[in-house]
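Topology and contacts: notes
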Amino acid sequence: MNEKKKSILSWGVLAVVVAAGLLVGRCAPSGPKAAKKGGAETKSDVAVAAMKTYVAPGDLDEYYLFSSGGHSGQVYVYGVPSMRHLSTIPVFTPYPGTGYGFDDESKAMLGNLTWGDAHHPALSETNGDYDGRWLFINEMNGRIARIDLRDFKTKQIFGPVPNVSGNHGSSFVTPNTEYAMMASRFSIPIPKGTVAPIEKYATDYKGIIAGIKIDPKTGQMSLAWEIMTPPFDWDLGDAGKKVSDGWMFWTCYNAERATGKLEVTSAQRDRDYIAAVDWKAVEKAVAEGKGDLIGGVKVIDPKKVPGLVWLMPCGKSPHGVDVSPDGKYIIGSGKLQGVTTAFNFEKIKTAIQNKDFTGDEDGIPVLKYESIKDAEVPVGLGPLHTQFGPDGMAYTSLFVDSAIAKWKLGTWEVVDKIPMSYSIGHLCAAEGDTVSPDGKYLVGLNKLSHGRHLSVGPSQPESSQLVDISEEKMKLLYDAFTEPEPHYAQMIKADKLHPIEVYPKEENKNPLAIWDVKDAGVTRQGTNVLAKVVLVRSTITPTAIEVALGDTVKIVMTNIEQTTDELHGFGLLDYNINIVVDPGETKAVTFKADKPGVFPYYCTNFCSALHQEMQGYLIVKPKG
Ligand code: K7E
Ligand code: CUA
């Protein structure tokens, strides 16, 4: 160990001791207050929790947590166990902090939409384990994005996919990242643009489930297939793994096919459904040319092509459906129930073989509940979502009870329960969606703030609570307050990721990139002006760009630095342009010079002692 690290460590240890001392001694009042709301129970528990989450200066977190940003459209990256916010990855929304949504490329990727409602991040997998290559995330406007974990940048936004309205049941990936899946929350008459009266909802409106194929080398997404379904509201999903590999499961609410006030009209029946889809059979059907062209894409109608989809009755208004690490059990529950159901995959297959059906929905057979369930586990009220630990342990979030139940697969015994301080929605265990969960940590993603933080007015922060699951009893460790809105998150071991910090010069294949200030300058072809710009400490070259009113101006900037954290910005006043260029990167922005005058541009990203001096002028000369 080198001296620097050693001294950092000893300082860290000292700081922990001091922090723990402070907590036990002077700050004693915070102990009882926390205990009331389901925190650590004694002063020494508080000290232990503090030590477990304390990551000393210079030390690193053990896990990355990728949390959805909901209608902020972004992905937020936290370190676990410190719960420190490390970075924001802009995905569906412009983000001036990294210049995202301002340069030509990212603007084109966003298309005409400047918002997205991002719900479920999904890490790429190899043999059912997170492999650290990509992160996918869905968005309600029928899209899925791919983030490359080599540089933590959004590389593709795929969609809006035809016929899919409200892409909520997404972006769950299969065990070898063959697919990111999609399912519509809202049903509409298809193709999009068709109109049918709301009275005909039950027959003329359709749901869609879709398989988005992922190129195994590049991660590039493309539409592989769509299946038409009754107008249920598809909600959440999970891919089968190990013994159930090749299958996909989705929950739905509104099996009633109701309209209007759904909180009443869609809660008439006792059961909704989980769809079980044999996606390998779907691939085969598509290869055989099955399906009809709707909205420009092939859509399979299960009435015409049987043997692909089945419906499993489930407690009404279910949310999560979760496949156990060994793939044997499919866990799903009604949000208003006091139990969660463990379905047995072997029994599902047997019931399909024996045609053990109780009816059908538009040609999709409904399996007999009693034949496919293994157990109803009395977890508590409002089971929402289940995650897994090693040793066959399952953790179910209870929205109504505001708690997490820990129970055992196979014996179905509830072994522990911990109150959460807010109404818990989803939860996320370390590597909890894989075939080999780590245990250790679990993060409860809470809804509805109940104080416990400095007030910041009516827009309350979201909260995520870190829970220790390394021992028999779960323990609350830490309250973290986050950006809106963490619907779901995934947690991956930090040592699986190896992000680059500069783009190597030799990888920059942009034909307009330049690496020497001598090559910088402005050229013109008719009314098209091309400015090649070099960004390097502490000058933007050229320092003046002259164009004429009405010109189409393309500014291509290369940051020729090869040093970590030497980013440069290019903010152009009055033209709504704000680009940030990473070391070794080239970015372009194209705009019409539609205002005459002199417009300063400057480096927006602090880069050196003379950062302030890094500036220039765009001169737009009036005509004549
Ligand atoms: Cu529960 Cu969109 Cu998964 Cu919100 S979702 S909470
Ligand atoms: Cu370059 Cu600041």
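1. Some words on the overall build of the chain
- Across its full length, the chain carries 9 helices and 42 strands.
- Rg of the C-alpha trace for the chain: 27 Å, near the compact-globule value of 25 Å for 624 residues, within the 12% margin.
- Reported as C-alpha extents along the three principal axes, the dimensions of the chain are approximately 80 × 70 × 45 Å.
- Looking at the 624 residues of the chain, the share that counts as buried comes to 56%.

2. Let's talk about the sheet that holds strand β36 (residues 544–548)
- The strand order across the open sheet formed by 5 strands is β36-β42-β41-β38-β39, and the pairing between neighbours is mixed. Among the strands making up the open sheet, the edge pair consists of β36 and β39 (577–581). Averaged over all pairs of adjacent strands, the angle between strand axes in this sheet comes to 15°, irrespective of strand direction.
- Where strand β38 (residues 568–572) meets strand β41 (residues 597–602), 2 bridges bridge the pair, whose relative direction is antiparallel. Bridging from a neighbouring strand, glycine 571 pairs with tyrosine 602 of β41.

3. Description of the pattern of salt bridges
- Enumeration over the complete set of coordinates arrives at 29 salt bridges.
- Notably, a salt bridge pairs glutamate 471 with lysine 52, separated by 3.5 Å at the nearest N-O pair. Within this pair, whereas glutamate 471 is found in the loop between β30 (462–468) and β31 (475–482), its partner lysine 52 is found in helix α3 (residues 43–53), the two being separated by 419 residues in sequence.
- Judged by relative accessible area, lysine 52 falls into the partly exposed class, the value being 30%.
- Between aspartate 479 and arginine 452 there is a salt bridge, and its shortest N-O distance comes to 2.8 Å. Of this pair, aspartate 479 sits in strand β31 while arginine 452 is found in the loop between β29 (439–447) and β30, placing the two residues 27 residues apart along the sequence.

4. Considering the sheet that holds strand β8 (residues 165–167)
- Spatial ordering of the open sheet is given by β8-β9-β10-β11-β16-β15, a layout of 6 strands whose pairing is mixed. Here the strands that pair on one side only, and so sit at the sheet edges, are β8 and β15 (292–294). Across the sheet, the mean angle separating the axes of adjacent strands is 35° when strand polarity is ignored.
- As judged from the 2 bridges shared by β8 and strand β9 (residues 179–186), these two strands associate in the antiparallel manner. Opposite asparagine 167, over in β9, you have serine 184 as the bridge partner.

5. Section: unusual backbone geometry
- The step from serine 170 to serine 171 runs through a cis peptide bond, and the omega angle for that step is 5°.
- Look at aspartate 362: it is not a glycine, yet its phi comes out positive at around 50°.
- Checked against the element boundaries, aspartate 362 lands in the loop between β21 (357–361) and β22 (364–367).
- Residue classification places aspartate 362 among the partly exposed positions, given a relative accessible area of 27%.

6. Section: the packing of aromatic side chains
- Per the stated rule, a full pass over the model turns up 19 aromatic pairs.
- Arranged with centres 6.0 Å apart and planes meeting at 15°, the rings of tyrosine 64 and phenylalanine 66 form a pair that is stacked. Pair check on accessibility: tyrosine 64 and phenylalanine 66 agree, each one buried.
- Each residue in the set Trp247, Phe249, Trp310 and Phe345 is aromatic and connected to the rest through ring pairs, giving one cluster.
- The ring of tyrosine 369 has arginine 271 lying over it, and the distance from NZ or CZ to the ring centre is 3.9 Å.
- The ring of tyrosine 253 has lysine 335 sitting right over it, with the charged end atom 5.8 Å from the ring centre.

7. Let's talk about the domain arrangement of the chain
- Its domain assignment divides the chain into domain 1 (52–496) and domain 2 (505–621).
- Relative to domain 2, the C-alpha centre of domain 1 lies at a distance of 42 Å.
- With 9 residues of domain 1 at the contact, the number on the domain 2 side is 12 residues.
- Both sides together, the interface formed by domain 1 and domain 2 hides about 840 Å², and carbon and sulfur atoms give 36% of it.
- The tally of links between domain 1 and domain 2 comes to 2 salt bridges.
- For arginine 150, the salt bridge goes to glutamate 507, with nearest N and O atoms at 3.0 Å.
- Counting every contact that joins domain 1 to domain 2 gives 5 residue pairs in polar contact (both at pLDDT 80 or more).

8. Some points on the pairing of strand β4 (residues 118–126)
- With respect to burial, β4 is a largely interior element, 8 of its 9 residues being buried.
- Taking the residues between adjacent antiparallel strands as the criterion, β4 and strand β5 (residues 129–139) are bridged by 2 residues, where asparagine 127 takes a positive phi near 50°.

9. Thoughts on empty space enclosed by the protein
- Across all of its chains, the model carries 1 cavity of 30 Å³ or more by this definition.
- Computed from the structure, the largest cavity encloses a volume of approximately 180 Å³.
- In terms of lining residues, the largest cavity is bounded by 20 residues, among which Phe172, Gly237, Asp238, Asp433 and Gln490 are the most central.
- Of the residues contributing to the lining of the largest cavity, the split by class is 9 nonpolar, 6 polar and 5 charged.

10. A closer look at a nonpolar patch on the surface
- A cluster of nonpolar side chains, namely Leu381, Phe399, Val400 and Leu448, defines an oily patch on the protein surface of about 350 Å² accessible area.
- Summarising the element assignment, leucine 381 is placed in the loop between β23 (373–377) and β24 (383–388).
- Given the relative accessible area of 39%, leucine 381 is considered partly exposed.

11. Focus: the pairing of strand β16 (residues 297–300)
- Sheet topology note: the strand β11 (residues 221–229)/β16 ladder contains 2 bridges and is parallel. Paired with isoleucine 227 across the bridge in β16 is isoleucine 300.
- Bridge analysis of β15 against β16 gives 3 bridges, and the strand direction is antiparallel. Residue pairing across strands places isoleucine 294 opposite valine 297, the latter belonging to β16.
- As consecutive antiparallel partners, β15 and β16 are separated by 2 residues, and within that stretch glycine 295 has a phi angle of approximately 60°, a positive value.

What counts, and where the lines are drawn
Residues numbered from 1 in each chain as written. Chains lettered and ligands numbered in written order. Predicted model: local features only at pLDDT ≥ 70, side-chain atom pairs only at ≥ 80, totals over all residues. Heavy atoms only, no water. Helix = DSSP H or I, 4+ residues; strand = E, 2+ residues; numbered from the N terminus. Rg over C-alpha atoms; globule rule 2.2 N^0.38 Å. Buried < 20%, exposed > 50% of the residue type's maximum accessible area, 1.4 Å probe, protein only. Pairing = 2+ DSSP bridges. Axes fitted to C-alpha atoms, helices over the stretch in contact; angles between N-to-C directions. Salt bridge = Lys/Arg side-chain N within 4 Å of Asp/Glu carboxyl O. Phe/Tyr/Trp six-rings, centres within 6.5 Å; stacked < 30°, edge-to-face > 60°. Lys NZ or Arg CZ within 6 Å of the ring centre and 35° of its normal. Domains from an automatic or database assignment. Contact = heavy atoms within 4.5 Å. Buried area = accessible area lost by both parts, 1.4 Å probe. Polar contact = N/O pair within 3.5 Å; in protein donor to acceptor, adjacent residues only side chain to side chain. 1 Å grid on protein atoms, 1.4 Å probe; cavity = no way out; pocket = protein on both sides within 12 Å on 5 of 7 lines; lining within 4 Å. Points joined across faces, edges and corners; volume = space filled by probe spheres on them. Nonpolar A, V, L, I, M, F, W, Y, C, P; charged D, E, K, R; others polar. Patch = residues over 30% accessible without salt bridge, like charges linked within 9 Å, V, L, I, M, F, W, Y side chains within 5 Å. Areas by Shrake-Rupley, 256 points an atom, 1.4 Å probe, with all protein chains shown as cover.

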